[in-house]
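# Observations on chain architecture
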Amino acid sequence: MLVREAKLLNGTSNQYKSLDEAIRTAQFIRNKAVRYWIDNQGVNKSRLYKLSKELASEFAFVNQLNSSARQASVEVAWTSISNFYRRCKEGAKKKGYPKFKKHCRSVEYKQSGWKLSDDCMFITFTDKFKSGKFSLYCDSETREDLFRLKINRVRIVRRADGYYCQFCLDADRKESGNYTGNVIGIDLGLKYFYKDQNDNGVVYPQYLRKSQKKLKRRQRQLSKKFVKGKKPQSNNYHKARIRLGLCHLKVSRQRKDWSCKQARCVVASNDVVVYVDAERRAEGRPEDTKHGQKPSFGKVYI
């Protein structure tokens, strides 16, 4: 599966509020499914699907959300539950008990609840929230994939700088390469991003440290505008909150872009990549460190 992203533009304030309501409804269904699983033993996935129908008949705002989006919210809850069961069977130290979501930023649709225009320039959400029509701003590669590939799911994601639409496309990615025989073993560290077997390290650029002064200033501005016990907060408070969120978003994008480029470079220039198993290091096995030996490498990717 391939995920492509486009920004939703040219919407009115009421349209974006409708998207917020759909996201909050998806969060409500997900938390209700987790609560039902906690209160009732032996609940399976089909029973949670039935719960989504019951919630739609009980609450009018839940019925406004598309049925496929309600099922997708239940699937999100069931994923956290099944992962908890899996970690319990594996005997992991951190079981990851399912928790309630306080801040949800996405809602997912399956094959219904949305309609893409013939030229793939616009998308219209057709559920009862009446979000309406939005323009899709994306690169040419994403537009081409929307034309030729099947769309399995559509996800709306809210970020500090706006709303985005993610398309989950049915695709098989294959990249041809020339065999060079290069083998590399890497180890992740704190002072360096990674270091290979020849002691060549890549230093992390410290994007968060460089933006710390600006982040502190934005945080102080937000704190000064907060009034305890006041609901809702003032417009100036929300403007300061958005400015702070934009700073954090920029840092996260810088870090992700840099790490993806480094990983791409390592994979493209080597045929075999071996890295240290984190679980093996955490357990502190004596055979990995005795007599001053370097830790043994664990997992292999070709």
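Going by the structure above, here's the rest.
What this report covers is the structure whose coordinates are included nearby. Keep in mind that this is a model prediction, so the values were computed, not measured.

## Focus: helix α2 (residues 45–58)
In this model, α2 (14 residues) spans 20 Å end to end at C-alpha, consistent with the 20 Å of a helix rising 1.5 Å per residue. Among all positions of α2, only Leu48, Leu51, Ser52, Leu55 and Ala56 are buried. All buried residues of α2 project into a common sector of 140° when viewed along the axis, lining one side. Turned more than 90 degrees away from the buried face of α2 sit Lys53 and Ser57, all of them exposed. Close packing links the buried residues of α2 with α1 (13–39), α3 (60–64) and α4 (67–90).

## Thoughts on the packing of aromatic side chains
By the definition in use, this model includes 17 aromatic pairs. Residues Tyr204 and Trp258 carry aromatic rings whose centres are separated by 5.4 Å and whose planes lie at 85° to one another, so their mutual orientation is edge-to-face. On the criterion of sequence distance, the pair formed by Tyr204 in the loop between β10 (201–202) and α6 (207–210) and Trp258 in helix α8 (residues 235–269) is long-range, its members being 54 residues apart. Across this residue pair, the class does not change: Tyr204 and Trp258 are buried. Linked through ring pairs, Tyr16, Tyr109, Phe125, Phe134 and Tyr163 together constitute an aromatic cluster. Taking NZ or CZ as reference, Lys133 lies 4.4 Å from the ring centre of Phe122, over its face. Geometry around Tyr164 places Arg159 over its ring, the cationic atom sitting 4.9 Å from the centre.

## Quick word on the nonpolar core
Counting 47 residues, the largest nonpolar core has Leu8, Val107, Tyr109, Ile123, Phe125 and Phe167 as the members making the most contacts within it. The biggest single contributor to this core is α1, with 9 residues. Not counting residues up to four positions away in its chain, the partners in contact with Leu8 are Tyr16, Leu19, Ile123, Phe125, Phe134, Ser135, Leu136, Ile156, Tyr163, Tyr164 and Cys165. One finds Ile184, Val202, Tyr207 and Val251 within the second-largest nonpolar core, a separate group that totals 10 residues.

## Considering the packing of helix α7 (residues 212–225) against α8
A pair of packed helices is captured by two measures, namely the crossing angle of their axes and the spacing between those axes. Their axes nearest at 9 Å, the elements α7 and α8 cross at an angle of 160°. Taken together, the axis directions place α7 and α8 in an arrangement best described as roughly antiparallel. Crossing angle aside, the handedness with which α7 passes α8 is left-handed. Taken together, the residues of α8 that come into contact with α7 (itself represented by Lys214, Leu215, Arg218, Gln219, Gln221, Leu222 and Lys225) are Asn236, Tyr237, Ala240, Arg241, Arg243, Leu244, Cys247 and His248. Per-class residue counts for the contact of α7 with α8 are 6 nonpolar, 4 polar and 5 charged.

How each quantity is defined
- Residues numbered from 1 in each chain as written.
- Predicted model: local features only at pLDDT ≥ 70, side-chain atom pairs only at ≥ 80, totals over all residues.
- Heavy atoms only, no water.
- Helix = DSSP H or I, 4+ residues; strand = E, 2+ residues; numbered from the N terminus.
- Expected span 1.5 Å × (residues − 1).
- Buried < 20%, exposed > 50% of the residue type's maximum accessible area, 1.4 Å probe, protein only.
- Arc of directions from axis to C-beta.
- Contact = heavy atoms within 4.5 Å.
- Phe/Tyr/Trp six-rings, centres within 6.5 Å; stacked < 30°, edge-to-face > 60°.
- Lys NZ or Arg CZ within 6 Å of the ring centre and 35° of its normal.
- Core = buried A, V, L, I, M, F, W, Y, C linked by side-chain atoms within 4.5 Å.
- Axes fitted to C-alpha atoms, helices over the stretch in contact; angles between N-to-C directions.
- Parallel < 35°, antiparallel > 145°, perpendicular 65-115°, else oblique.
- Left-handed = near helix turned anticlockwise from the far one by under 90°.
- Nonpolar A, V, L, I, M, F, W, Y, C, P; charged D, E, K, R; others polar.

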